[in-house]
Structure formats: structure tokens, C-alpha cells
Amino acid sequence: MKINHTLSTLFLAVCSLSAMAAAQTETPPKPPKAIVVILADDLGYGDLGCYGADPERLPTPSVDKLCNQGMKFTDAYSTSSVCTPSRYAFLTGQYPWRKKGTGILPGDAALIIDVNQPTLPKMLQKHGYKTAVFGKWHLGLGNGRIDWNKHISPNPNDIGFDESYIFAATGDRVPCVLLRNGNVENLDPNDPIEVSYKHNFPGLPDGKKNKDQLKMMWSHGHNNAIINGIGRIGFMKGGKSALWNDEKNAEVITNEAVKFIQKNAQAKQPFFVYFATHDIHVPRTPDARFVGKSRCGIRGDATVQFDYCVGRLMKALDDCGLANDSLVILSSDNGPVLDDGYADNAVKDNIGHSPAGPFRAGKYSILEGGSRVPFIVRWPGVITPGSQNKALLNQMDIGASLLALVAPQEISPFPDGENHLAALMGKDTVGRKYHIINSSGKMVGIRSGKWKYLPPGMPIRDGINGLGGKMTKAPAEGFLIDLEQDPKELNNLAKQHPDIVTRLHAKLIEIKKSPVTVANLTEYPLLDD
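The following paragraphs examine the structure supplied in this document. As the structure is a computational prediction, the values presented were derived from the model and not from experiment.

Okay, the sheet that holds strand β6 (residues 178-180) next. Judged by pairing direction, the sheet is mixed, and its ten strands sit side by side in the order β7-β6-β5-β4-β12-β1-β13-β14-β2-β15 without closing on themselves. The sheet is open, and its two edges are formed by β7 (183-184) and β15 (387-389), each paired on a single side. Pairing of strand β4 (residues 130-136) with strand β12 (residues 271-276) involves six bridges; the strand directions are parallel. Across the sheet, the residue bridging to F134 is F275, located in β12. Against the sheet, helix α3 (residues 83-92) engages β1 (34-40), β4 and β12, with an angle of about 170° to β12. With respect to the sheet, helix α6 (residues 297-319) is in contact with β1, β12, β13 (326-332) and β14 (375-378), its orientation differing from that of β1 by roughly 175°.

What follows is the structure, encoded as C-alpha cells:
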């Protein structure tokens, strides 16, 4: 009986896999000449006009136009509620909690993506696209002991990017320099860079002892090295000619992205751009042109700047004749945060605006505000303008979905990413059957359809004021939410629906213990109901 049951299960699994493959292998459109992924930093679900923000308080005309030209997803997620793990998952198609060391990285961390690992840019390179990343990286560089005065390898170019122009980590972490293809830009060899995340260098100021040198006061942390009048995480010495100008960073990386678009368009070369903005992440330092352009203070002004940068990229595509031959995806690496270490009045100035939209909490939280993010897809002539889709998606699925577009007969190398090209094209409104919601590390829950479940004892951070939010834990019966009826996750239905709790708890354990792999594809359908 056991053997028969096993054979029956395997037969059903293979049939389910075949049915899924048939549904997903409908002849896709001809691959576009340009693929652009815009990944904002700390942009909340409610920070855009097309997702409900008041355009009088927080104008985002460029992104709203993009949305009107394409499709808005209402149930899309970043893979984590913090930056490093969500970016790791986006590029590798692997849940970050499956691999150690994918937490929030310091600025001198080693590269956490193995150079032999399949990645989204490698896949697109293989199929004829020139690839580039501009902006925030925060996935580590080198092998653990970085000499910033020499070529640093491995770097983004070693995991699939033909060109890279990046911040090593974030704007609030040292070193405060930009790197082009593994080399610090504008470095004077007579003024070498030294970086330490343990101690300051003799004679240099720090944010605790030298507050008089700060133009932006810190609220917690961010009080080590003072660079450009801003306290940072970590200490840095030297490299004065290479230091970035915080207020100009957005313009600088946008210029680089535009030049890449123009160069490849002129050469009639298909290309992929990963445009990783930093504007809304702390320290928020919008250029003077954008100060006061919102009614939500400096965080709102930084959002207006982000919108401007998006507009410039869209104009570059238009000017190069690629408006109708480009697939553009815009999303955010995690949910919003207000006070994330600097006293920039973000909390006070936010009154009347809901950065997480209808959801509760924000960055760092396993609640919906932590990882339910904007997700917009535009491809004129393929995607219906002004459409909306409730399909359940994860940014980790972008790689497998794009593979189905550029090489539909190939088996996906992305272990946890799913092919939802049909959803991206507006032909499917279901998407994933299961999505693992991750806050950080091993803090995971699961969503299936309208139901969201967190296991007993799971830490739950409330609020959007960063690490200062109130912490509770899921009760002994677990935490079960009907997201359609209760988007703010206020009413625990675990006791009313123990059968759903049992099913989702078992499924969560199964997925955690049994990752989908190319060599074990028959396990995939067993994730079905």
C-alpha cells in the first residue's frame, strides 16, 4: 500500500508539473531589446500616487505615468523586510534564509553571492544582453579582507554584470565612495583609504564627541566617522578625492544609467539595467532642487527625487526609440521606515501620510508593511495600460520569469524562484500558491491565498520607526490573518480556524526543509493544496 501511495503521489506530482509547465509555456512575446529593473530603497506601498498617496502632499508623476502605461500589482512582496537579503534573493532566485550570512551586511563584508552561483544577470548575459548595475549594492565585495586602494574582486562584474557603478553598501555606512567595475572612482594613490568597523583612526572626529561638526544629527547609531558633515556607521580614513557628495549621488548614478542606455541603444545591443536607487534610505539628502517639493518633509522630498530619476530613465528609453521595446519593472527592496537613525524630522513631517498604505508596520517587520511593496510592470503593446493584478508575487520570481521570456525551453537554475511570466504579462491573476514571508534570519511566516500564518513565538515588530518599534510574539496557537478582511493584521483567527493553521504550519515546515532544486523538480507540485 505504501509503495502504491508513493507511486500515486509521484504520478500526481508529475502531472501537476506538466500542467503547470503547459500553462506557463504559452508562446511568449518576442524578448524586448531593453529590460530595466528599478529597485527603490525603503519605498513603502503607500508612498506613490498610484498606490494611494495624496499627490498634493507627495507628487510622484513619473512613477504614476509608468503605472498608467502598465500594470500595478497589489500583492507583490520583497523577499525580506530588510535590504541585503531581499537583494540577494532577487539576483539569485533563492530564499535568503537558506544561506548563512545573508543578514544586513557591514560596508566591508565579503561578497555573499558565490561566483559560481546562477544569477539573473548571468542568465541574461548568456542570452545576449549587456548587463549593468547602478547604485546601491550592499551584497559584499571581495573575499573578506578588502584593500580599497586596489582592484577589488570578486565584485558585481564577477556574478554577471558587464558594468557596475555602485555604493559598496549604503549611504550611512563607510566607505563613502563609488566603485566602477571593482575600482574606487577618483582615488588619489597618495591618500589611501582605510576602513574599520571596530575603532576610529587617531585624530579623526566622530559623531559622539564632535556633534558640532554634524549638519545632520543622529538619533541612534550613525555616530562613528563624520563624512560630509554626516555621522556614519563605521570609521574611514583617507580617500578625500574619492568621497561622494551625498546630495549629488542620485544624479550621478542616474547619469551613468542613462549613458549605458544610450550607448547600447546606439549599438543596437539588447541590454539589462538594474537601477538600485538610494534616495529614500537614510541619510536622506535630496538635492536642493527637490527640497520642499513635497509636504512630507525630507523623506517626501527624497521620494520626489526618486520619481525624477525614474522619469529620466523613461525619457532615455523614449529618446532612444525603445519605449515600445522595453520591459520595465519598478519595485522596492522592503517596506518604509521613518526614524532609521537620523533626527531628520521624518516622524513629525509624516503626519497625514501612510507610507505603508493600508498595512501596518514597515521595514524590519514580518507584518505586511515590512515586505508588501509597490510592483509595477510596463511593456507597451504587451501589457494592458492602466491594468491591475492581484497575483501573489515575490521579487525572487523575476529571474525565472524572465528566463521563460528569453529562453522558454530552458530549465530554470533558480532554486526557489517561480516562473510567473503569465502574471507579469497580465494573463494570470493567481501567481504563487505559497509565499514565505521573511523578516530577517529565521523569522519566517507563510501566505497562501488570502491567509497569512506566523508560527507560535514568532517575533512581531509593530510601527514604522525602525528598530524602535514595539515587539510582541505570536501566541501559542499561532497567528492567522485573513488579509482580504484585515489588511492591518489586527484580528488573530487561529482559534477559529485550527484546520488552516495546521495545514499552513505543515506547509511552512515542508518548504523550509525541502527546497525546490533543478535536480528535484518533482517535489514542486507537492507544495500544492
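Attention shifts here to the nonpolar core. By size, the foremost hydrophobic cluster in this structure holds 107 residues, and its most contacted members are I38, F73, W137 and W148. Setting aside its immediate chain neighbours within four residues, W148 contacts G107, D108, L141, A168, P175, L179, V184, L187, I193 and V195. Formed by 18 residues, the second largest nonpolar core is a distinct cluster that contains W97, M396, I436 and L493.

Before going further, it helps to spend a moment on the pairing of β12. Burial of β12 is extensive: six of the six residues sit out of reach of the surface. Neither face of β12 is left uncovered, since the one carrying F271, V273 and F275 and the one carrying F272, Y274 and A276 both have all their residues buried. The pairing of β1 with β12 spans six bridges and is parallel. Bridging across to β12, I38 finds its partner in F275.

So, on to the packing of aromatic side chains. The full count for this structure, using the stated rule, is twelve aromatic pairs. Judged by centre distance (4.9 Å) and plane angle (80°), the ring pair of Y45 and F359 falls under edge-to-face. With a gap of 314 residues between them, Y45 in the loop between β1 and α2 (61-69) and F359 in the loop between α7 (346-349) and α8 (368-371) connect regions that are remote in the sequence. Side by side, Y45 and F359 carry an identical accessibility label, which is buried. Measuring from ring centre to ring centre gives 6.5 Å for F161 and F272, while their planes differ by 20°; the resulting arrangement is stacked. Of this pair, F161 sits in the loop between β4 and β5 (163-167) while F272 is found in strand β12, placing the two residues 111 residues apart along the sequence. Judged by relative accessible area, which is 1%, F161 ranks as buried.

On to the packing of helix α5 (residues 249-266) against α6. The geometry of α5 relative to α6 is characterised by a closest axis approach of 9 Å and an angle of 15° between their N-to-C directions. On the basis of the axis angle, α5 is roughly parallel to α6. In the crossing of α5 with α6, the sense of the turn from one axis to the other is right-handed. Across the interface between the two elements, A250, E251, T254, N255, A257, V258 and I261 of α5 pack against Q305, Y308, C309, R312, L313, A316 and L317 of α6. A per-class count over the contact of α5 with α6 returns nine nonpolar, three polar and two charged.

Mapped onto the elements, C83 comes out in helix α3. With residues near it in sequence (within four places) discarded, C83 still touches K136, H138, D333 and N334.

Cut-offs and rules
- Residues numbered from 1 in each chain as written.
- Predicted model: local features only at pLDDT ≥ 70, side-chain atom pairs only at ≥ 80, totals over all residues.
- Heavy atoms only, no water.
- Pairing = 2+ DSSP bridges.
- Helix = DSSP H or I, 4+ residues; strand = E, 2+ residues; numbered from the N terminus.
- Contact = heavy atoms within 4.5 Å.
- Axes fitted to C-alpha atoms, helices over the stretch in contact; angles between N-to-C directions.
- Core = buried A, V, L, I, M, F, W, Y, C linked by side-chain atoms within 4.5 Å.
- Buried < 20%, exposed > 50% of the residue type's maximum accessible area, 1.4 Å probe, protein only.
- Phe/Tyr/Trp six-rings, centres within 6.5 Å; stacked < 30°, edge-to-face > 60°.
- Parallel < 35°, antiparallel > 145°, perpendicular 65-115°, else oblique.
- Left-handed = near helix turned anticlockwise from the far one by under 90°.
- Nonpolar A, V, L, I, M, F, W, Y, C, P; charged D, E, K, R; others polar.

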